[in-house]
Amino acid sequence: IPYAKSYRVFNAEQIDGLPESYQTQHEAPRDLGTEADPELDAWFARTGIRIETISEPRAYYAPGPDKIHMPPIATFLTAHGFYQTLSHESLHGSGHAKRLDRLKAANTKAEYAREELVAEIGAAMLCATLGIHLEIEQNAAYVEGWLKALQEDKREIFRAASAAQKGCDWLIEAASEEAAEAA
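Now for a look at the structure at hand. Position numbers for residues count from 1 along each chain, tracking the sequence in the order it is written. In keeping with the model being predicted, local features are shown solely for residues with a pLDDT of at least 70 and side-chain atom pairs are shown and tallied solely at 80 or more, while totals for entire chains, interfaces and linings include all residues. To get the side-chain values, take all heavy atoms of the structure and skip hydrogens and water.

1. Concerning the packing of helix α1 (residues 38-46) against helix α2 (residues 79-94)
Part 1: Contact geometry for α1 and α2: axes closest at 12 Å, N-to-C directions at 5 degrees. On the basis of their axis angle, the class for α1 and α2 is roughly parallel. Across from Leu40, Asp41 and Phe44 in α1, the residues of α2 making contact are Tyr83, Leu86, Ser87 and Ser90.
Part 2: Charged residues are taken to be Asp, Glu, Lys and Arg, nonpolar residues to be Ala, Val, Leu, Ile, Met, Phe, Trp, Tyr, Cys and Pro, and polar residues to be all remaining types, Gly included. A per-class count over the contact of α1 with α2 returns four nonpolar, two polar and one charged. Structural elements are reduced to axes, namely lines fitted to C-alpha atoms, with helices fitted over the stretch in contact, and the angle between N-to-C directions of any two is expressed from 0 to 180 degrees. Secondary structure elements follow DSSP: runs of H or I of four or more residues count as helices, runs of E of two or more count as strands, with numbering from the N terminus. Note on angle classes: values under 35 degrees are labelled roughly parallel, values over 145 roughly antiparallel, values of 65 to 115 roughly perpendicular, and the remainder oblique. Any two residues whose heavy atoms approach within 4.5 Å at even a single point are treated as in contact.

This is the structure we're talking about:
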């Protein structure tokens, strides 16, 4: 006879005093020698979204402090891969309450999937606009994965594409306004 039983589960990183074997061991980022493009760095800086380089081997946008966390570019295989990832995180940043106010608390997998879909489609648009070589296979697989989470709504792809275009347009306009003000 099946029955339900509950368990309290904690992430090992939340518990003090555990043996070292329980702690997540992140591999130190390797320097692959990938170099930054000063023009692209300047363009992303002009958007006004703070970008912080961190040693952690993952990229993400943190809405609370309103900043993008990026690993060093030297840890990416290609500069295009770095800027494609930065484009994705910048699209998340465009949704902040003081910008397009698109970000809501992603309490469900569907809400989170919607925002990821917007960010990935928008990143593809932004990369095409900026002349960043797009690794389309990775991009398509990512979008396909989030679409599966939204299968019940056949029009979601159109809403996501519309929101992505607005985010892309906002970033382009912000970068050009900053450039005009600096001149």
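After presenting the structure, the write-up continues.
2. With respect to the nonpolar core
Part 1: Within the largest apolar cluster, 20 residues are counted, with the highest numbers of intra-cluster contacts made by Phe82, Tyr83, Leu86 and Leu126.
Part 2: Tallying contributions element by element places α2 first for this core, with four residues.
Part 3: Formed by nine residues, the second largest nonpolar core is a distinct cluster that contains Leu117, Ile121, Ala160 and Ala164. The definition of a nonpolar core used throughout is a set of buried Ala, Val, Leu, Ile, Met, Phe, Trp, Tyr and Cys residues joined through side-chain atoms within 4.5 Å. For every residue, the accessible area obtained with a 1.4 Å probe (protein chains only) is divided by the maximum for its type, and the residue is called buried under 20%, exposed over 50%, and partly exposed between those limits.

3. Description of the sheet that holds strand β1 (residues 50-53)
Part 1: What makes two strands pair is DSSP finding at least two bridges between them. Taken in spatial order, the three strands make up an open sheet running β1-β3-β2, and their pairing is mixed. The outermost strands of the open sheet, each flanked by one partner alone, are β1 and β2 (60-62). Across the sheet, the axes of successive neighbouring strands diverge by a mean angle of 30 degrees, strand direction being ignored.
Part 2: Both β2 and strand β3 (residues 67-70) contribute to a ladder of three bridges, which runs antiparallel. The partner of Tyr61 across the bridge, within β3, is Ile68.

4. Considering the pairing of β3
Part 1: Where burial is concerned, the two faces of β3 agree: the one with Lys67 and His69 and the one with Ile68 and Met70 are both buried.
Part 2: As paired strands, β1 and β3 are joined by four bridges and run parallel to one another. Each bridged residue has a counterpart across the sheet, and for Arg50 the counterpart in β3 is Lys67.
Part 3: Connecting β2 to the antiparallel partner β3 that follows it, the hairpin turn spans four residues, and Asp66 within it adopts a positive phi of roughly 55 degrees.

5. Thoughts on the packing of aromatic side chains
Part 1: The aromatic pairing rule takes the rings of Phe, Tyr and Trp, using the six-membered ring of Trp, and pairs them if the centres are within 6.5 Å, calling planes under 30 degrees apart stacked, those over 60 edge-to-face and the rest tilted. This structure, assessed with the given rule, holds four aromatic pairs.
Part 2: Between Phe76 and Phe82 the ring centres are 5.2 Å apart and the planes differ by 90 degrees, which places this aromatic pair in the edge-to-face class. Each member of the pair, Phe76 as well as Phe82, is classed as buried.
Part 3: Ring plane angle 90 degrees and centroid distance 5.0 Å describe the contact between Phe82 and Tyr83, whose orientation is recorded as edge-to-face.
Part 4: Judged by its relative accessible area of 8%, Phe82 falls in the buried class.
Part 5: Through successive ring pairs, a cluster of aromatic residues spans Trp43, Phe44, Phe76, Phe82 and Tyr83.
Part 6: One cation-aromatic arrangement involves Arg58 over Tyr60; the distance from NZ or CZ to the ring centre is 4.3 Å. A positively charged side chain is recorded as over a ring if its NZ (Lys) or CZ (Arg) lies within 6 Å of the ring centre. The angle to the ring normal must also be within 35 degrees.

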